[in-house]
Amino acid sequence: MKTIQHWLGGSPAAGADTVPVFNPATGRETARVVLGGLADVDAAVIAAWPAFEAWSESSLSQRTQVMFAFRDLLGRHEEELGRIISAEHGKTVDDARGEIVRGREVVEFACGLGDVLKGSFSDQVSRGVDVHNFRRPLGVVAGITPFNFPAMVPLWMHPIAIATGNTFILKPSERDPSAANFVAELYREAGLPDGVFNVVHGGKDAVDAILTHPGISAVSFVGSTPIAKYVHELATSHGKRVQALGGAKNHAVVLPDADLEFAANHITAGAYGSAGERCMAVSVAVAVGDAADGLVEILERKAREVTVGPGDAPGTDMGPLITKAAQERVENAVGTASLQGATVVVDGRGLKVEGHEDGFFTGPSLLDHVTTDMDAYREELFGPVLAVVRVDTLDEAIALINANPYGNGTALFTDSGEAARRFQRHVTVGMIGVNVPVPVPMSYYSFGGWKDSLIGDSPVHGAEGVRFYTRPKVVTTRWPRRTQQHAAAGFDFPTSD
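Residues numbered from 1 in each chain as written. Predicted model: local features only at pLDDT ≥ 70, side-chain atom pairs only at ≥ 80, totals over all residues. Heavy atoms only, no water.

Its place among the elements puts V345 in strand β15 (residues 343-346). On a C-alpha basis, the gap between V345 and L299 in space is 9.4 Å, while along the polypeptide they are 46 residues apart. Setting aside chain neighbours within four positions, we find V345 in contact with V296, E300, R304, L366 and D368. (Helix = DSSP H or I, 4+ residues; strand = E, 2+ residues; numbered from the N terminus. Contact = heavy atoms within 4.5 Å.)

Printed below as a string of structure tokens:
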């Protein structure tokens, strides 16, 4: 049985305890991953601090060369990495390759950090006095990332952290850990010095060690809202900067003037892609007025057309859920929705895939006449369940979204520019799509929601990531002439003149 080890100081490192890693399509154990704790995190910090002293003094040209080489390697190994992700997560290989491409965009952004890191200069702010500023890295920083994007979410973090001169410790999900080690090997091949990128596997013990370790200056986290709150509170109480992205309940609003076939096609993909295990998945379709009946009719047809199977099989649209527990939780939620009065239009429960009867599969489920007091609406199900809520007007749809505690992503399907402008100005959501169901921004924009979807005020990637992983220094300079060097200094508070 393969054992997935830590990656410390540029090479694999053993651990004591292990837990199984499964292939969700077969339900079988395929490897074991070591579980780290305080000693392993401490070893990672010990490897990362000396590396930081050298790496932070490296030239921007050297860092950029590593990032260009890393980007090239991600492209050349995209298929291989995609299959590693598919085998442990369950998503299709094409979907896994898609997350690698989106992560690679952040590496491309990091390749151009020389321009983003430029400081500013003000001449003659006072007589003979100039002021300039520049940004410096923090030190050793860490990322704690979820199972649903084992490549992309870490890639939102470590390329920018490393390119700005920090060293990095990644704690990936223990459910699909192999991608992290594969990326570590690509970094080594790209020429990254040992100790700049490290991987510590584990569960809560490893997380708590990262959040409290005095040698770690900042923590980036993506996961559920309760854990995001825990991470933010514990890490900030130990003097760390924190990025903490939480859960989501993303709404897609469909107006009567929208092309219903187009809207339903994209909502179906947004709801059931990756088995709904995305923080930007469409989990609620808000049908406005006369759009409702026609929209549900098309959504039903498209849900029944989704091909469910193992992620590496040709023609598969949707793979299994990550664990047996996730499968049971999602199917129980469909049953609860029915008991609470929702209409189960498409029931994905009990699906068996031939040759993979022990896999963690469930089919797409479509619920109609869902109300805001039902569990299917209130809870983040993180599975292939689409709830349809009916309202009469766009203003009601906006009010519905604004009343929801989450504010990660939302979308509007319409042909009306006026409606789109009103929607994007008034919804209390961080990322908005107009005729785009999954509005994940490009790498040079920030990714982060509002309300319970972002704890604190630090989104990830783009210029926000640069600001998070660096801090400014402001230098005030005077170069007096020799005849002025012995002039008396004033005791009053200095002012410009």
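What follows continues from the structure just given.
Now for the packing of aromatic side chains. Per the counting criterion, the structure on display carries nine aromatic pairs. Ring centres of F147 and F382 lie 5.9 Å apart, and the angle between their planes is 85 degrees; on these two criteria the pair is classed as edge-to-face. Residue F147 is found in the loop between β8 (140-144) and α6 (152-163), and its partner F382 is found in the loop between α13 (375-378) and β17 (385-391); the two are separated by 235 residues along the sequence. F147 gets classed as buried once you look at its relative accessible area, which sits at 12%. Since its relative accessible area comes to 16%, F382 is described here as buried. Considering the side-chain rings of W156 and F447, the 4.3 Å spacing of their centres and the 35 degrees angle between planes classify their relative orientation as tilted. Taken together, the positions of W156 in helix α6 and F447 in the loop between β20 (431-434) and β21 (450-451) put the pair 291 residues apart, joining distant regions of the chain. For the pair W156 and F447, a shared accessibility class is recorded, and that class is buried. Taken together, the aromatic side chains of F70, F168, Y187 and F197 make up a single cluster linked through ring pairs. (Phe/Tyr/Trp six-rings, centres within 6.5 Å; stacked < 30°, edge-to-face > 60°. Buried < 20%, exposed > 50% of the residue type's maximum accessible area, 1.4 Å probe, protein only.)

Look at helix α14 (residues 394-403) against helix α15 (residues 417-426): their axes get within 10 Å of each other, and the N-to-C directions meet at 20 degrees. Classified by the angle their axes make, α14 and α15 are roughly parallel. Of the two possible hands of crossing, α14 and α15 adopt the one that is right-handed. Contacts between α14 and α15 involve L394, D395, I398, I401 and N402 from the former and A419, R422, F423 and H426 from the latter. Residues belonging to the contact of α14 with α15 are distributed by class as follows: five nonpolar, two polar and two charged. (Axes fitted to C-alpha atoms, helices over the stretch in contact; angles between N-to-C directions. Parallel < 35°, antiparallel > 145°, perpendicular 65-115°, else oblique. Left-handed = near helix turned anticlockwise from the far one by under 90°. Nonpolar A, V, L, I, M, F, W, Y, C, P; charged D, E, K, R; others polar.)

Time to look at the pairing of strand β5 (residues 28-34). Remark: a regular strand shows side chains that alternate across the two faces of the sheet. As paired elements, strand β1 (residues 2-4) and β5 share three bridges and run parallel to each other. For K2, the partnering residue across the bridge sits in β5 and is A31. In this structure, strand β4 (residues 18-23) lies alongside β5, joined through six bridges in antiparallel fashion. Bridged to V21 within β5 is A31. Here β4 folds back onto β5 in antiparallel fashion, the turn holding four residues, of which G27 has a positive phi close to 75 degrees. (Pairing = 2+ DSSP bridges.)

What follows covers α6. An ideal rise of 1.5 Å per residue puts 16 Å on twelve residues; α6 measures up with 17 Å between its terminal C-alpha atoms. Of all twelve residues in α6, twelve are buried; the element is thus mostly enclosed. Positive backbone phi, approximately 105 degrees, marks G165, located one or two places after α6. (Expected span 1.5 Å × (residues − 1).)

Our next topic: the pattern of salt bridges. All chains considered together, the criterion is met by 25 salt bridges. In this structure, R301 and E261 form a salt bridge, with 3.0 Å as the shortest nitrogen-oxygen distance. Here the residue R301 occupies a position in helix α11 (residues 291-305), and E261 occupies one in helix α10 (residues 260-272), the gap between them amounting to 40 residues. Measuring nitrogen to oxygen at the nearest pair gives 2.8 Å for the salt bridge that ties D368 to R390. Taken together, the residues span a long stretch of sequence, with D368 in strand β16 (residues 365-368) and R390 in strand β17 at a distance of 22 residues. (Salt bridge = Lys/Arg side-chain N within 4 Å of Asp/Glu carboxyl O.)

Let's shift gears to the side chain of S365. Among the structural elements, S365 can be located in strand β16. Residue S365 is classed as buried on the basis of its relative accessible area, which comes to 1%. Each residue touching S365, except ones within four places of it in the same chain, is listed here: Y272, V334, V346, D347, G348, R349, P384, V385 and L386.

Attention now moves to the nonpolar core. Counting 68 residues, the largest nonpolar core has V253, I267 and L386 as the members making the most contacts within it. Among all residues touching L386, those that are not within four sequence positions of it are I267, A271, Y272, V282, S283, V284, A285, L299, S365, L366 and L367. Membership of the second largest hydrophobic core comes to 58 residues, among which are L73, L74, A96 and L113. (Core = buried A, V, L, I, M, F, W, Y, C linked by side-chain atoms within 4.5 Å.)

In an α-helix, one turn spans 3.6 residues; hence positions three or four apart end up facing the same way. For helix α7 (residues 178-190), spanning 13 residues, the distance from its first C-alpha to its last is 19 Å, which sits close to the expected 18 Å at 1.5 Å a residue. Downstream of α7 by a residue or two, G191 has a phi angle that is positive, lying close to 100 degrees.

Below, the discussion takes up the packing of helix α8 (residues 204-212) against helix α9 (residues 225-237). Two elements in contact, α8 and α9, have axes separated by 8 Å at closest approach and are oriented at 40 degrees. Accordingly, the angle class assigned to the pair α8 and α9 is oblique. Only Y230, V231, L234 and A235 of α9 make contact with α8, whose side of the interface consists of K204, D208, L211 and T212. When grouped by side-chain class, the residues that make up the contact of α8 with α9 number five nonpolar, one polar and two charged.

A word on a nonpolar patch on the surface. Taken together, the side chains of M442, Y444 and Y445 present a nonpolar region at the surface, about 350 Å² in accessible area. Relative to the elements of secondary structure, M442 occurs in the loop between β20 and β21. Judged by relative accessible area, which is 33%, M442 ranks as partly exposed. (Patch = residues over 30% accessible without salt bridge, like charges linked within 9 Å, V, L, I, M, F, W, Y side chains within 5 Å. Areas by Shrake-Rupley, 256 points an atom, 1.4 Å probe, with all protein chains shown as cover.)

Read across the sheet, three strands follow the order β1-β5-β4 without closing on themselves; strand pairing throughout is mixed. The outermost strands of the open sheet, each flanked by one partner alone, are β1 and β4. For this sheet, the mean inter-axis angle between neighbouring strands, taken without regard to orientation, is 40 degrees.

Remember, this is a structural readout, not a statement about activity or role.
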